[in-house]
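Summary of structural features
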Amino acid sequence: MADALRTNAVREHRKAARLTQAELGRACGVSRQSIVSVEGGDYAPSVYLALELAAALNTTVETLFATGEKLEAQPDT
């Protein structure tokens with residue numbers, strides 16, 4: 001059931017890129033706390049921030065923020 005609670009794949013992609021939350025925040029122009037909130041699903045990023053996150057993590061917005069069955073179907077990186 002833990003997968004059902006996951007709302008995005010930002011944390012997984014950040015870890016795969018070997019970035020800290022602070023480093024990703026700096027790359028996107030936001031605070032570490034903003035990254036924590038996005039990863040935890042407490043904050044839905046703006047379109048601009050979603051695009052910045054995708055660029056910094058070398059992926060697409062769709063990959064980071066797919067929902068439901070689409071999220072489960074994403075390949076492991």
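Just so it is clear, the model here is predicted, and its values are computed rather than measured.

1. Concerning the packing of helix H3 (residues 21-28) against helix H4 (residues 32-40)
Orientation of H3 relative to H4, taken along the N-to-C sense of each, is 105 degrees, at an axis distance of 8 Å. As summarised for this structure, H3 and H4 are arranged roughly perpendicular, according to the angle between their axes. Contact residues: H3 offers Gln21, Ala22, Leu24 and Gly25, while H4 offers Arg32, Ile35, Val36 and Glu39. Tallied by class, residues from the contact of H3 with H4 come to four nonpolar, two polar and two charged.

2. What about the side chain of glutamine 21?
Structurally, glutamine 21 is set in helix H3. The exposure class of glutamine 21 is buried, given its relative accessible area of 19%. When near neighbours in sequence (up to four residues on either side) are disregarded, glutamine 21 contacts Arg14, Arg32, Ile35, Val36 and Glu39.

Definitions and cut-offs
- The numbering scheme is per chain: residues are counted from 1 as the chain's sequence reads.
- For a predicted model such as this one, the threshold for reporting local features is a pLDDT of at least 70, and the threshold for listing and counting side-chain atom pairs is 80 or more; totals across whole chains, interfaces and linings nevertheless cover every residue.
- Excluding hydrogens and water, the side-chain values take into account all heavy atoms of the structure.
- Whenever a helix is involved, its axis is fitted only over the stretch in contact; in every case the axis is a line through C-alpha atoms, and angles between N-to-C directions fall within 0 to 180 degrees.
- Each helix corresponds to a stretch of at least 4 residues labelled H or I by DSSP, and each strand to a stretch of at least 2 residues labelled E; elements are numbered beginning at the N terminus.
- What sets the label is the angle itself: under 35 degrees gives roughly parallel, over 145 gives roughly antiparallel, 65 to 115 gives roughly perpendicular, and the rest give oblique.
- Whether two residues are in contact is decided by their heavy atoms, any of which lying within 4.5 Å being enough.
- Each residue gets one label: Ala, Val, Leu, Ile, Met, Phe, Trp, Tyr, Cys and Pro are nonpolar, Asp, Glu, Lys and Arg are charged, and the others, such as Gly, are polar.
- Buried means the residue's accessible area, taken with a 1.4 Å probe over protein chains only, is under 20% of the maximum for its type, while exposed means over 50%, and partly exposed covers the values in between.

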